[in-house]
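So the chains spell out like this:
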Amino acid sequence: MTATANRTIQSRTLRLIRPHEIQEVVVERTVPEGFVAVEPTLASICHADLRYFGGMRKPEVLARKLPMALLHEGIGRVAGNGSASLAPGQRVVIVPNLPGYLLNNLKPDQCCPACRGEIEDNYCSRGRFLGSGTDGIAQSRLVLPEPCAIPIPASVPDEIAVLTELCSVSYRALRRVSHLLDRARVAVFGDGPVGYLTAAMLHHAYRIGPDRLTVFGAIREKLDYFTFAGTQMVQQYDFQSGGKADIVLECTGGKFSESALNQGIDLLSPGGHLIAMGVSEDRVPVNTRDVLEKGITIHGSSRSSAEDFRQVLKVMENADCQATLGKLIPDQYTVVSRAEDFSRAMESALAHRNWQKIILDFHW
């Protein structure tokens, strides 16, 4: 059934008013033609959400972006009458990176260099990103352009589909070097969820095994989850020997970015590729001398687009992939019905940095 143009809905929106304070407000939202309303069902908490909630962003950033509903990793069901292409109740993955041409009813070539295909399409200058300057998934009705609600295959369960956004970011980063992945030696720095899912995409999407895939981390108990890759402790490895990798992905971020980037530079062969994925609030010193002497290409990669989601969902249909990703899912979810529930979940996430993702189960 086609959605009625410019109908309105009410959304219970759980907004971060200031660090550590969540408030529920009811927002009347317009559903234009070509858009769809989605009721979020499951979401996971990202470190980016915690940086906002914990007040770890710069004061000027918080002043500009708050109040705002958090969360950008999640799934839901099509609400109301659905749309021309999406049936009521259909399970969908939420694409948080909303292109400007869809938001502003433009042709792609009228929007920006990204939408015109002059640069990569995940860098639209006129777009919006959920939970980063515009209300995110922490609301009962989310209005999205239809192409940003991707149907979930029947063979992919909810607990796996909720990881699609994070997997799509890794998949997008790998597209930069996909032409090399049939032979390249690859190293991933980071034993947390981003490193794990990046390594999982290398293994399941590109069929790279332990003979060509090595994960570097600082905690042996975390590295033991990477059964599909070779693993090394950064404290014990001799990086100065160099020449052991053709591609390095830095998935640490924060205070560990400096060591990971520079160890990756040490590890790379001449002509190698370094892909930076970890976010740091501060500038990070980099060994530019060896970057120049080795002719290393540095790529920055952030976010993803709808096409990455579609490709990841195809990979997720594989049972072996589901088993790998399932290690990140906790036995119990955190039920969220009110602002107080969400606030407690965020405080707990700040206090207990578990290896597994925290999954929020919305009961609206």
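Here, every reference points to the structure presented above.
So, a few notes on the structure that sits alongside this text. (Residues numbered from 1 in each chain as written. Predicted model: local features only at pLDDT ≥ 70, side-chain atom pairs only at ≥ 80, totals over all residues. Heavy atoms only, no water.)

Moving on: the overall build of the protein chain. When you go through the protein chain residue by residue, the secondary structure sums to 12 helices and 19 strands. Relative to a compact globule of 364 residues, whose C-alpha radius of gyration would be 21 Å, the protein chain shows 20 Å and is just as compact. A principal-axis box enclosing the C-alpha atoms of the protein chain has dimensions of 65 × 45 × 45 Å. Counting over 364 residues, the protein chain shows a buried share of 52%. Roughly 15,800 Å² of accessible area belongs to the protein chain as shown, and the carbon and sulfur atoms make up 48% of that amount. Here the protein chain carries 39 positive and 40 negative side-chain charges, and the mean point of each set is 3 Å from the other. (Helix = DSSP H or I, 4+ residues; strand = E, 2+ residues; numbered from the N terminus. Rg over C-alpha atoms; globule rule 2.2 N^0.38 Å. Buried < 20%, exposed > 50% of the residue type's maximum accessible area, 1.4 Å probe, protein only. Areas by Shrake-Rupley, 256 points an atom, 1.4 Å probe, with all protein chains shown as cover. Lys, Arg positive; Asp, Glu negative; His and termini not counted. Charge placed at Lys NZ, Arg CZ, Asp CG, Glu CD.)

The sheet built from three strands is open, its strands ordered E7-E8-E9 with mixed pairing. In the strand order of this sheet, the two ends are held by strand E7 (97-98) and strand E9 (133-134), each with one partner. As paired strands, E7 and strand E8 (residues 128-130) are joined by two bridges and run antiparallel to one another. Considered in E8, the bridge of Leu98 is made with Arg128. (Pairing = 2+ DSSP bridges.)

Here helix H5 (residues 164-175) spans 16 Å end to end across 12 residues, near enough to the 16 Å set by a 1.5 Å rise per residue. Where burial is concerned, most of H5 is hidden: 11 out of the 12 residues are buried. Among the residues of H5, Thr164, Glu165, Leu166, Cys167, Ser168, Val169, Ser170, Tyr171, Arg172, Ala173 and Leu174 are the ones counted as buried. (Expected span 1.5 Å × (residues − 1).)

As a further point, take the nonpolar core. The biggest cluster of nonpolar side chains holds 93 residues, and the ones touching the most others in it are Leu71, Leu249 and Phe342. Within the second largest apolar cluster, 14 residues are counted, among which are Ala245, Ile265, Leu267 and Val291. (Core = buried A, V, L, I, M, F, W, Y, C linked by side-chain atoms within 4.5 Å.)

Turning next to the packing of aromatic side chains. Overall, the coordinates contain 12 aromatic pairs when judged by the stated rule. Taking the centre distance of 4.9 Å and the plane angle of 10° together, the rings of Phe362 and Trp364 count as stacked. The exposure class assigned to Phe362 is buried, which follows from its relative accessible area of 6%. Given the relative accessible area of 23%, Trp364 is considered partly exposed. Here a set of aromatic residues connected by ring pairs shows up, and it is made of Tyr196, Tyr225, Phe226, Phe228 and Trp355. The ring of Phe129 carries Arg303 above its face, with NZ or CZ at 4.0 Å from the centroid. (Phe/Tyr/Trp six-rings, centres within 6.5 Å; stacked < 30°, edge-to-face > 60°. Lys NZ or Arg CZ within 6 Å of the ring centre and 35° of its normal.)

A few words on unusual backbone geometry. What is expected of a backbone is that most residues other than glycine have negative phi and most peptide bonds are trans. Looking along the chain, the bond that leaves Leu66 and enters Pro67 is cis, with omega of 0°. Locating Pro67 in the fold gives a position in the loop between helix H2 (59-65) and strand E4 (68-69). Phi at Asn105 takes a positive value of approximately 55°, unusual for a residue other than glycine. Within the secondary structure, Asn105 sits in the loop between helix H3 (100-103) and E8. If you check the backbone angles, Arg303 has positive phi at about 65° while not being a glycine.

What follows deals with the pattern of salt bridges. Applying the stated criterion to the full structure yields 20 salt bridges. The closest approach of N and O atoms between Glu24 and Arg12, which form a salt bridge, is 2.9 Å. Within this pair, whereas Glu24 is found in strand E2 (residues 21-31), its partner Arg12 is found in strand E1 (residues 7-18), the two being separated by 12 residues in sequence. Classification of Arg12 as partly exposed rests on a relative accessible area of 22%. Notably, a salt bridge pairs Arg91 with Asp158, separated by 2.6 Å at the nearest N-O pair. Placement of the pair is Arg91 in strand E6 (residues 91-94) and Asp158 in helix H4 (residues 158-161), with a sequence separation of 67 residues. The class for Arg91 is buried, based on a relative accessible area of 17%. (Salt bridge = Lys/Arg side-chain N within 4 Å of Asp/Glu carboxyl O.)

Below, the discussion takes up the side chain of His273. Note that His273 resides in strand E16 (residues 268-276). Looking at His273, its side chain comes within polar contact range of the side chain of His299, at 2.9 Å. Residues contacting His273, with those up to four places away along its chain left out, are Val177, Leu180, Asp246, Ile247, Val248, Leu268, Thr297 and His299. (Polar contact = N/O pair within 3.5 Å; in protein donor to acceptor, adjacent residues only side chain to side chain. Contact = heavy atoms within 4.5 Å.)

Across the six residues of strand E5 (residues 73-78), five count as buried, placing the element largely inside the fold. With three bridges joining them, E5 and E6 adopt antiparallel strand pairing. Residue pairing across strands places Ile75 opposite Val93, the latter belonging to E6.

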